[in-house]
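Listed here are the chains, written in short residue letters.
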Amino acid sequence: MGGPWWRDAIVYQVYPRSFADSDATGEGDLRGVSSKLSYLSDLGVNAIWLNPFYPSPMRDSGYDVADYCSVDPRFGTLTDFDDLVSACGSRGIRVVIDIVPNHCSCQHPWFREALASPPGSTARERFIFRDTPNNWQSTFGGPAWTQTPDGQWYLHLFDASQPDFNWRHPDVPAMFERVLRFWLDRGVAGVRVDMANMLFKDPTLPDLDEHAAEVPYYDQPEVLQLYRSWRRILDSYPADSFPGPRTGVAEIWFTDPRKVRPYLTRDGLPQVFNFRLMLAPWTAGELRAVIDEARALAADTGCSMPWVLGNHDITRVVSRLGIDQELIRQPTDALRRGEAHVDVALGTRRARAAALLMLALPGAACLYQGDELGVPEYLGIPAARREDPTFYRTAGAAIGRDGCRIPMPWSGDTPPYGFAGEPVRTWLPQPADWARLTVAAGLSDPDSMLNLYRAALRLRREHPALGAGEMTWLERGAHELAFTRQPGFACVVNFGDEPVSLPSGSRVLLASGPVDDALLPCDTAVWLGL
Ligand code: NOJ
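For clarity, every value in this text was computed on a predicted model and none was experimentally measured.

**Q** Please clarify how the site of the ligand should be interpreted in this entry.
**A** D60, H103, D194, H312 and D313 are the nearest of the 13 residues found near the ligand. D60 is positioned with one of its side-chain polar atoms (N or O) 2.6 Å from an oxygen atom of the ligand. D313 places a side-chain nitrogen or oxygen 2.5 Å from an oxygen atom of the ligand. By residue class, the composition of the shell around the ligand is 4 nonpolar, 2 polar and 7 charged.

Shown next as structure tokens:
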């Protein structure tokens, strides 16, 4: 294949709190992850990305970090982390961790010190304190400023428990350099950078003008400079032995590709997530447009934009693709609010096709735990069991992300479905009807989503076209996406209402649904040998 490992890697996103619970507390932990490595290596992934496991009051499920160089006792110890990295290494699986540099927890010692110090003190300058707030709103709802007892306000673009750092204070970049080295020295293969375009704010903190092209807390030029320095740190680790060249993957949500282009450089972070496939409605035209956009964006930059169909922030793919796709274009989240009819069977059929489409595209992909099982968004969480700060900050108007973070079903017919070794109250409740979605059920059903993923990842490893093979569109009907990869491979997806015929002379390598008489049914994808 050539090139660094991350260019074509399959990265599996482990949400530690919901992956596997080794000590029956109802929350997953690092030992739980270690206990499931044979599952991950049989699935065929190259790396895992772990969501935050640092000490945290868990007001935003760990994205409120109180100590960047330690492990929250609920997830285990640093020794458990080292054991996990080494157990992964012996299976050839790399470990990527999550770095949360935009904000910390209000329990972080620096913020406690800032609150205990007077206005104008150095301790306050590490954060963004002002005498008067501007009009910025929190991503989770409500104002982005909270007043302290002495009258000053501090900025938090997320929950009030997540104060934003002042990246223009030298202590902040210096601390994160230490944090990066701390984990890289422990053998991690890279970092996922949370809210990577937000760190620096326009120093004048102007009001947000909804109609202006520029958002004063995105894409400040200093952030690109910062990632150049991080790239030098990543590149200072030896590339010629496992885990190979270290990576940094930026989390950047963009709709306008021009906004992300400056991040794609040879001396910046090597990777930027591409969420556009995940956010697009299920139509051939719209998916083709985002695929073309991504190919043009990353071309000749040396960077990669991993494809994503799901993560811990977005509605589960089988539910998303099972609603009226017009609703995806609208800002209100009708699905999570229970206002959309969800056809899970339809969504599952499309999610299977989407998986084959994504895995046939050039480049890396990131798989969110549970998507390989086909678990839907859980819409039945009682209000009293909700955890996401979005729910509380909007007085329930926004339901939030809990429904895509449900503990993994591993086996058995009833909760906790093998998530823990004994009956426990899991931190988020699991649905009563997931018995057919467990790992054990998936493994024993040749037609399961899990076996489709396993077969696709096996073929991806074996087929010479599915590494760096050149991709070319095949022009077929308006409701199809079809392309070849060199040598000798094609992928065809049918988005229309009628079956379509397969290219002549091709042979089916893998299909997302039944293919009879060389006819590809609607909402089905096929991998072909040519
Ligand atoms: C993005 C993360 O993916 C999300 O889960 C988190 O709430 C925000 N960043 C804030 O850290």
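**Q** Explain the pattern of salt bridges here, please?
**A** A side chain with one charge can pair with a side chain of the opposite charge if their charged atoms come near. Considering all chains together, one arrives at 37 salt bridges under this definition. Residue R258 is joined to D256 by a salt bridge in which the shortest nitrogen-to-oxygen separation is 2.9 Å. Taking relative accessible area as the criterion, R258 reaches 67% and is therefore assigned exposed. Judged by relative accessible area, D256 falls into the partly exposed class, the value being 23%. Residue D402 pairs with R386 through a salt bridge whose shortest N-O separation is 3.8 Å. You can see D402 sitting in the loop between α13 (389-393) and α14 (439-444) and its partner R386 sitting in the loop between β11 (365-368) and α13, a full 16 residues away along the chain.

**Q** Hey, could you run me through the nonpolar core in this one?
**A** Counting residues in each nonpolar core, the largest one holds 149 residues, and the members touching the most others are Y12 and W527. Among the elements that line this core, the one with the most residues is helix α12 (residues 344-360), at 9 residues. Core analysis: the next-biggest nonpolar cluster, separate from the first, contains 12 residues, I128, M198, L205 and Y217 among them.

**Q** Would you take a moment to explain the packing of α12 against helix α15 (residues 449-462) for this structure?
**A** When two helices pack together, their arrangement is given by the angle between the helix axes and by the axis-to-axis distance. Relative to each other, α12 and α15 sit at 10 degrees, their axes nearing to 10 Å. The angle between the axes of α12 and α15 places the two elements in the roughly parallel class. Residues T348, A351, R352, A355, L356, M358 and L359 of α12 pack against M449, L452, Y453, A456, L457 and R460 of α15. Here the residues of the contact of α12 with α15 are counted per class, giving 10 nonpolar, 1 polar and 2 charged.

**Q** Is there a simple way to explain unusual backbone geometry in this structure?
**A** Note: most peptide bonds trans; most residues except glycine with negative phi. With an omega of 5 degrees, the peptide bond between F242 and P243 qualifies as cis. By the element assignment, P243 lies in the loop between α7 (221-235) and β8 (247-250). Cis rather than trans, the peptide bond between Q486 and P487 has omega equal to -5 degrees. Here P487 shows up in the loop between β13 (480-485) and β14 (489-494). Not every positive phi belongs to a glycine, and S61 is a case in point at roughly 50 degrees. On the basis of relative accessibility, which here comes to 10%, the residue S61 falls in the buried class. The phi dihedral of Y417 falls on the positive side, at around 50 degrees, and the residue is not glycine. By secondary structure assignment, the location of Y417 is in the loop between α13 and α14. Judged by relative accessible area, which is 0%, Y417 ranks as buried.

**Q** What is the right way to look at the side chain of S319 in this model?
**A** Inspection of the secondary structure assignment puts S319 in helix α11 (residues 317-320). Accessibility expressed as a relative area gives 2% for S319, which makes it buried. Apart from the residues lying within four places of it in its own chain, the contact partners of S319 are L335, V342, P376 and E377.

**Q** What is the right way to look at the sheet that holds β8 in this model?
**A** As a general point, the strands of a sheet are linked pairwise by backbone hydrogen bonds and lie either parallel or antiparallel. With parallel pairing, the 8 strands of this open sheet are ordered in space as β9-β8-β7-β3-β2-β1-β11-β10. If you trace the sheet from one side to the other, it starts and ends with β9 (271-272) and β10 (307-308), each paired once.

**Q** Explain the sheet that holds strand β12 (residues 471-473) here, please?
**A** Across the sheet, which stays open at both edges, the 5 strands sit in the order β12-β13-β14-β18-β16 with antiparallel pairing between neighbours. For this open sheet the edge positions go to β12 and β16 (507-511), each flanked by a neighbour on one side alone. Taken pair by pair, the neighbouring strands of this sheet meet at an average axis angle of 25 degrees, ignoring direction. Relative to strand β18 (residues 524-529), β14 runs antiparallel, the two sharing 6 bridges. The residue of β18 that forms the bridge with A490 is L528. Packing against the sheet, helix α10 (residues 284-298) makes contact with β12 and β13, and its axis sits at approximately 145 degrees to β12.

**Q** Looking at this structure, how should I read the environment of D292?
**A** Locating D292 in the fold gives a position in helix α10. Classification of D292 as partly exposed rests on a relative accessible area of 31%. Spatially, the C-alpha atoms of D292 and R405 are 31 Å apart, while their sequence positions differ by 113 residues.

**Q** Help me understand the state of the cysteines, please; the structure alone is not making it clear to me.
**A** Working definition of a disulfide: a covalent bond connecting the sulfur atoms of two cysteines. The final tally for this structure, using the stated rule, is 0 disulfides. Here C88 stays unpaired: no disulfide links it, and the sulfur of C366, its closest cysteine neighbor, is 15 Å away.

**Q** For this particular structure, what's the right way to read helix α6 (residues 171-185)?
**A** Every α-helix carries 3.6 residues per turn, so stepping three or four residues along brings you back to the same face. Helix length check: α6, at 15 residues, gives a terminal C-alpha distance of 21 Å against a target of 21 Å (1.5 Å per residue), a fit within 8%. When we look at burial in α6, the residues that qualify are V172, M175, F176, V179, L180, W183 and L184. The arc that holds every buried residue of α6, seen down its axis, measures 165 degrees, which confines them to one face. In α6, the exposed positions angled more than 90 degrees off the buried face are occupied by R178 and D185. Each element contacted by the buried residues of α6 is listed here: α3 (78-90), β3 (94-99), α4 (109-116), β7 (190-193) and α7. Positive backbone phi, at 100 degrees, marks G187, one or two positions downstream of α6.

**Q** I keep staring at the pairing of β13 and nothing clicks. Help me out?
**A** Successive residues of a regular strand alternate their side chains across the two faces of the sheet. Along β13, 6 of the 6 residues are buried, which leaves the element largely enclosed by surrounding structure. Where burial is concerned, the two faces of β13 agree: the one with E480, A482 and T484 and the one with L481, F483 and R485 are both buried. Both β12 and β13 contribute to a ladder of 3 bridges, which runs antiparallel. Its bridge partner lying in β13, W473 is registered against F483. Between β12 and β13, which pair antiparallel one after the other, the connecting turn spans 6 residues. Note: β13 against β14, 6 bridges, orientation antiparallel. What sits directly across from R485, in β14, is F489. The turn joining β13 and β14, which pair antiparallel and follow one another in sequence, is formed by 3 residues; a positive phi near 70 degrees is taken by G488.

Cut-offs used in this document
Residues numbered from 1 in each chain as written. Predicted model: local features only at pLDDT ≥ 70, side-chain atom pairs only at ≥ 80, totals over all residues. Heavy atoms only, no water. Near = heavy atom within 4 Å. Polar contact = N/O pair within 3.5 Å; in protein donor to acceptor, adjacent residues only side chain to side chain. Nonpolar A, V, L, I, M, F, W, Y, C, P; charged D, E, K, R; others polar. Salt bridge = Lys/Arg side-chain N within 4 Å of Asp/Glu carboxyl O. Buried < 20%, exposed > 50% of the residue type's maximum accessible area, 1.4 Å probe, protein only. Helix = DSSP H or I, 4+ residues; strand = E, 2+ residues; numbered from the N terminus. Core = buried A, V, L, I, M, F, W, Y, C linked by side-chain atoms within 4.5 Å. Axes fitted to C-alpha atoms, helices over the stretch in contact; angles between N-to-C directions. Parallel < 35°, antiparallel > 145°, perpendicular 65-115°, else oblique. Contact = heavy atoms within 4.5 Å. Pairing = 2+ DSSP bridges. Disulfide = S-S within 2.5 Å. Expected span 1.5 Å × (residues − 1). Arc of directions from axis to C-beta.

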